[in-house]
Amino acid sequence: EVQLVQSEGGLVQPGGSLRLSCTASGFDFETAAMGWVRQAPGKGLEWIASIFRFVPNTNYEDSVKGRFTISRDNDKNTVYLQMVSLKPEDTAVYYCNRGGDSWGQGTQVTVSS
């Protein structure tokens, strides 16, 4: 079956950086659109980034544009989310997904002093 296994998160200071990874199996990763969605405490799901079959084709939600970078390594079946200049409002559970139909287990990222 489709599996998306995410790296662990943790506590990061404001202005800090963190890279999340999501390793996929059970489908043709190379042709799949991948993305990241997050859920902040007390709030709903928020799409933040996606990357399509061709690497230059990426999209970002405005609040993370210029700070977050989504990338993929097809040889490793892995999609990444590089986060820099983190803000307290970035605190959330981050989910990797395939085209919106399959989800990783979630990674808690807390941005706080």
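These remarks concern the structure in this document. This structure is a prediction, so every number in the text was calculated from the model and none was measured. (Residues numbered from 1 in each chain as written. Predicted model: local features only at pLDDT ≥ 70, side-chain atom pairs only at ≥ 80, totals over all residues. Heavy atoms only, no water.)

1. A few points about the overall build of the chain
Right, on to step 1. Scanning the chain from terminus to terminus reveals zero helices and eleven strands.
Right, on to step 2. Order of helices (α) and strands (β) in the chain, N terminus to C terminus: β-β-β-β-β-β-β-β-β-β-β.
Right, on to step 3. Considering only C-alpha atoms, the chain reaches an extent of 40 × 25 × 25 Å along its principal axes.
Right, on to step 4. Long-range pairs, those at least 24 residues apart, make up 53% of the contacts in the chain with a sequence separation of at least 6.
Right, on to step 5. Carbon together with sulfur atoms contributes 48% to the accessible area of the chain, which is approximately 6000 Å² in total.
Right, on to step 6. Each charge sign in the chain was given a centre, from 10 positive and 12 negative side chains, and these centres are 4 Å apart. (Helix = DSSP H or I, 4+ residues; strand = E, 2+ residues; numbered from the N terminus. Contact = heavy atoms within 4.5 Å. Areas by Shrake-Rupley, 256 points an atom, 1.4 Å probe, with all protein chains shown as cover. Lys, Arg positive; Asp, Glu negative; His and termini not counted. Charge placed at Lys NZ, Arg CZ, Asp CG, Glu CD.)

2. A few points about the packing of aromatic side chains
Where two aromatic rings form a pair, the distance of their centres and the angle of their planes describe that pair.
Right, on to step 1. With the rule as written, the count across this model stands at two aromatic pairs.
Right, on to step 2. Centre to centre, the rings of Tyr95 and Trp103 are 5.9 Å apart; their planes meet at 80°, and the pair counts as edge-to-face.
Right, on to step 3. Residue Trp103 is classed as partly exposed on the basis of its relative accessible area of 40%.
Right, on to step 4. Just above the ring of Phe29 sits the side chain of Arg72; from NZ or CZ to the centre is 4.6 Å.
Right, on to step 5. The ring of Phe27 is capped by Arg98, whose NZ or CZ atom sits 4.7 Å from the centre of that ring. (Phe/Tyr/Trp six-rings, centres within 6.5 Å; stacked < 30°, edge-to-face > 60°. Buried < 20%, exposed > 50% of the residue type's maximum accessible area, 1.4 Å probe, protein only. Lys NZ or Arg CZ within 6 Å of the ring centre and 35° of its normal.)

3. Some details on the pairing of strand β11 (residues 107-111)
Right, on to step 1. The alternating pattern of β11 places Thr107, Val109 and Val111 on a buried face and Gln108 and Thr110 on a face that is not buried.
Right, on to step 2. Pairing analysis gives three bridges linking strand β2 (residues 10-12) to β11, with the strands arranged parallel. Following the sheet pairing, Gly10 is matched in β11 by Val109.
Right, on to step 3. Of the pairings in the sheet, the one linking strand β9 (residues 92-98) to β11 comprises three bridges and is antiparallel in character. Across the sheet, residue Val93 finds its bridge partner in β11, namely Gln108. (Pairing = 2+ DSSP bridges.)

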